[in-house]
Amino acid sequence: MQGGQIGVASGTLAPTRAGLRPPRMTKQRVREALIFLAMVLPNAALIAVFVYRPLLANMYYSTLDWTLGSDKARRVGLGNYVEFFTSAESWGVLRTTLIFTVATVGGSIVLGLLMATVLNRQLIGRGFARATVFAPYVLSGVGIGLVWTFIFDPITGVLSMLLRGGGLPVPQWFLDPNLSLLMVIIVYVWKNLGYCAVIYLAGMQAIPRDLIEAAAIDGASRFRTFWSIVWPLLSPTSFFLLMTTLLSSLQAFDLIRIMTPLGNGTTTLMYDAYLQAFGGYNRAGFSATVSTILFVILIVLTVVQLRFIEKRVHYA
Amino acid sequence: MSIATATPVTPEAADLGPAPSAGQRPRPILSTILGGYLPLVLATLIIALPLLWMFLGSLKTSGEVISNEIVWLPGSPSLDAYQRASAKVDFPRLFLNSVIVTVAGAGIKVLLAITTAYGLVFVRFPFKKIIFMGILVALMVPSQVSLLPNYLMIAGLGGANTYWGIILPGLGTAFGTFLLRQHFLSLPGEILEAAAIDGAGHFRRLWSIVIPISTPTIATVALVTVVNEWNDYLWPLIITSNDDMMTLPVGLTLLKNLEGDPSSYPILMAGAVVVILPVLIVFMFLQRYIVAGLTQGAVK
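For clarity, every value in this text was computed on a predicted model and none was experimentally measured.

Rules used throughout
- Residues numbered from 1 in each chain as written.
- Chains lettered and ligands numbered in written order.
- Predicted model: local features only at pLDDT ≥ 70, side-chain atom pairs only at ≥ 80, totals over all residues.
- Helix = DSSP H or I, 4+ residues; strand = E, 2+ residues; numbered from the N terminus.
- Contact = placed C-beta atoms within 7 Å.
- Domains from an automatic or database assignment.
- Nonpolar A, V, L, I, M, F, W, Y, C, P; charged D, E, K, R; others polar.
- Axes fitted to C-alpha atoms, helices over the stretch in contact; angles between N-to-C directions.
- Parallel < 35°, antiparallel > 145°, perpendicular 65-115°, else oblique.
- Left-handed = near helix turned anticlockwise from the far one by under 90°.
- Buried ≥ 20, exposed ≤ 12 C-beta atoms within 10 Å, placed from the backbone.
- pLDDT = per-residue confidence, 0-100.

Some details on the overall build of chain A
Inference 1: Counting its regular elements, chain A contains 15 helices and 2 strands.
Inference 2: Partitioning the intrachain contacts of chain A with sequence separation of at least 6 by distance along the chain shows that 65% fall at a separation of at least 24.

Side note on the overall build of chain B
Inference 1: Each helix and strand counted, chain B has 16 helices and 0 strands in total.
Inference 2: Put simply, 73% of the contacts in chain B that link residues at least 6 apart link residues at least 24 apart.

Considering the domain arrangement of chain A
Inference 1: The assigned domain composition of chain A is domain 1 (23-58) and domain 2 (79-315).
Inference 2: A separation of 37 Å is found between the C-alpha centroids of domain 1 of chain A and domain 2 of chain A.

Focus on the interface of chain A and chain B
Inference 1: At the interface, 85 residues of chain A touch 84 residues of chain B.
Inference 2: Per element, the largest residue contribution to the side of chain A that touches chain B is 20 residues, and it comes from helix H3 (residues 26-61) of chain A.
Inference 3: Broken down by class, the residue content of the side of chain A that touches chain B amounts to 58 nonpolar, 17 polar and 10 charged.

What about the domain arrangement of chain B?
As a measure of interface size, the accessible area lost when the parts come together is often cited.
All names here are of chain B.
Inference 1: Each assigned domain of chain B is listed here: domain 1 (2-83) and domain 2 (89-294).
Inference 2: Each of domain 1 and domain 2 has a C-alpha centre, and these two points are 33 Å apart.
Inference 3: If you look at the interface, domain 1 gives 11 residues, while domain 2 gives 9 residues.
Inference 4: At 4 residues, helix H3 (residues 29-58) tops the list of elements feeding residues into the side of domain 1 that touches domain 2.
Inference 5: Partitioning the side of domain 1 that touches domain 2 into residue classes produces 6 nonpolar, 4 polar and 1 charged.

Observations regarding the packing of H3 of chain B against helix H16 (residues 265-294) of chain B
Residue and element names in this part refer to chain B.
Inference 1: Between H3 and H16, the shortest axis-to-axis distance is 7 Å and the interhelical angle comes to 125°. Relative to H16, H3 is oriented oblique. Crossing angle aside, the handedness with which H3 passes H16 is left-handed. Mapping the contact onto sequence places Met 54, Phe 55, Gly 57 and Ser 58 in H3 and Tyr 265, Pro 266, Met 269, Ala 270, Ala 272 and Val 273 in H16.
Inference 2: Partitioning the contact of H3 with H16 into residue classes produces 8 nonpolar, 2 polar and no charged.

Considering the environment of Arg 209 of chain A
All names here are of chain A.
Inference 1: When you line up the elements, Arg 209 lands in helix H10 (residues 209-217).
Inference 2: When the 15 C-beta atoms within 10 Å are taken as the criterion, Arg 209 is described as partly exposed.
Inference 3: Expressed as a C-alpha distance, the spacing of Arg 209 and Phe 174, which sit 35 residues apart in the sequence, is 49 Å.

A look at the environment of Leu 56 of chain A
Residue and element names in this part refer to chain A.
Inference 1: Examined against the element boundaries, Leu 56 turns out to sit in helix H3.
Inference 2: The exposure class of Leu 56 is exposed, given the 11 C-beta atoms found within 10 Å.
Inference 3: Considered as a pair, Leu 56 and Lys 27 are 29 residues apart in the sequence and their alpha carbons are 38 Å apart.

Here we look at helix H10 (residues 175-185) of chain B
Inference 1: Within H10 of chain B, 8 of the 11 residues are buried, which leaves the element mostly enclosed by the surrounding structure.
Inference 2: Looking at H10 of chain B, one finds that the buried residues are Phe 175, Gly 176, Thr 177, Phe 178, Leu 179, Leu 180, His 183 and Phe 184 of chain B.
Inference 3: Buried-residue contacts for H10 of chain B involve H3 of chain A together with helix H6 (91-122), helix H7 (128-137), helix H12 (202-213) and helix H13 (215-231) of chain B.

Comments concerning the packing of H10 of chain B against H13 of chain B
How two helices sit against one another is set out by the angle between their axes and by the gap between those axes.
Residues and elements named next belong to chain B.
Inference 1: The interhelical angle for the contact between H10 and H13, taken along N-to-C directions, is 170°, at an axis separation of 10 Å. What the angle tells us is that H10 and H13 run roughly antiparallel. Side by side, H10 and H13 meet where Gly 176, Leu 179, Leu 180 and His 183 of the first sit next to Thr 217, Val 221 and Thr 225 of the second.
Inference 2: Of the residues belonging to the contact of H10 with H13, the class tally is 3 nonpolar, 4 polar and no charged.

Some words on the confidence of the model for chain B
Residues and elements named next belong to chain B.
Inference 1: Of all residues in chain B, 90% have pLDDT values of 70 or greater, and the mean over the chain is 86.
Inference 2: By mean pLDDT, helix H1 (residues 2-6) is the weakest element of chain B at 32, and helix H9 (residues 163-167) is the strongest at 97.
Inference 3: Low pLDDT, under 50, characterises residues 1-24; the predicted model gives this stretch 30 contacts beyond four residues in sequence or across chains.
Inference 4: Note on the complex model: pTM 0.88, ipTM 0.87.

Section: unusual backbone geometry
Inference 1: With a phi close to 60°, Asn 282 of chain A is a non-glycine residue in the positive phi region.
Inference 2: Counting through the fold element by element, Asn 282 of chain A comes out in the loop between helix H14 (269-278) and helix H15 (284-315).
Inference 3: Of note in the backbone geometry, Phe 127 of chain B takes a positive phi value of approximately 60° without being a glycine.

Looking at the confidence of the model for chain A
Inference 1: When the pLDDT values of chain A are averaged, the result is 88; 90% of them are 70 or greater.
Inference 2: Note on residues 1-19 of chain A: pLDDT is under 50 here. Beyond four places in sequence and across chains, it has 20 contacts.

Looking at the environment of Leu 96 of chain B
Inference 1: When you line up the elements, Leu 96 of chain B lands in helix H6.
Inference 2: In this structure, the C-alpha to C-alpha distance between Leu 96 of chain B and Met 245 of chain B, residues 149 residues apart in sequence, is 9.6 Å.

Next up, the structure:
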């Protein structure tokens, strides 16, 4: 009995030693396998049912002309895709997606980097500043959206009142589609730049100090040191941030939904997929098409990322 | 100046010395203020002021909000807006719903992440790598792709406007599994081997060795999961339509639809405070863990 258990133990924990023993512990193997299944299967099954099954189902739905709630659906093959790429509206959606994504990714990365360079200096209160700047990233997008709706309100908003007080015109943030997009971009960057700042800060602190000291001894200016030493060494960090912020910007939803429910000027692919199915149109098939297109874009970006990392590893 | 920099900087001094570039080089105070403190303070204000404005707004009266002059501070701070918000939408109930969904959802997710990660690291099974990849790749499948099919499935099973309907589809956890697996791989195998020789089974080893020595990582996973569940919006928005089954973010959407008039901003700010404040408090105290969890993977 005792001996048997020892056998199990070394069989389990030291697979390298397993070769020394003849594979006769099939009973223990089965036991191990059952324990593994008990531990892993629930999670794996949930992921299969609620992530992978829907992924395939969604692709199938995208080939249907189908109203949400109706039990009749007509197969249209790639009809929805043809409709998407031939309608002017969809190109507007793609344009909005592109502007929103480029502006929010660029904005959060550039401002995050600037913030990180400030936080990297030995200043009193920088711990507090770091925490404050990061905080919005973890707060509810719906709550944040409400707060900024209050600030941007053209009549009672504090921003509008300040502008009016200064004799400046008050922008119609909620009526003009372009300004609506700008407003959502501003709030999105405000909420996410702390994430970029903290990750850049970690990247900067990983740079060997003697490199920077050597540059200082050589008489390099602060800017020159940053441009020739810090920035190149931060490139893996920049790339990581580019990818993560790109993927999350493409999936932005909360702020858009709460600040501009109709999506006037702010309908990105993600928001269009929501509006088509759940925003009153009930176009389930077309919504599935839009989200499949978005999914393909995300996959392409992910593959590009993996390729790039591979390359880096080769050259490193 | 070059003489000053050339003075040998002993390693000790360099370690004590603050930021890299600050080293031993004398820096003009002006540059520290303009290039350091000014942007630092400015950025902190830009982030903090809107949140402060929310708190102040929730304590104001409707009259103060629609006044032609900016009313910076509430004349007589009152919780009136909170009461009026609760009259429009049942806030205690929404709060309770959010707590239930967050505690149950995050609790199960963390449990699943722990057992999955343990199984993947310590239990013998064929094709573990492939199973792990299958779980990991799920991280990359965006939520909106699964939205419609999951809605049809859950609503079809009668899960609309139920707690289980809100919680179930999000339970599979790739993030927590990934983080904990990384951590478990770093644990010293000898301790577990010794326990195994003493006759401790897997569940025993998990419970009395692995979990106790992994509490910081588990806390990180738990906190990030709790925050995500609390803030979760898209799925609850779609699967709930009854006022009394909504979570806070969904209820706030309803409140905003009901209260379109500018004079109702105190009520909306009260709602925003209710959804933001709990996370803000948790963040203030456990910032370190949350930041570590959310920025994991960046520094590899």
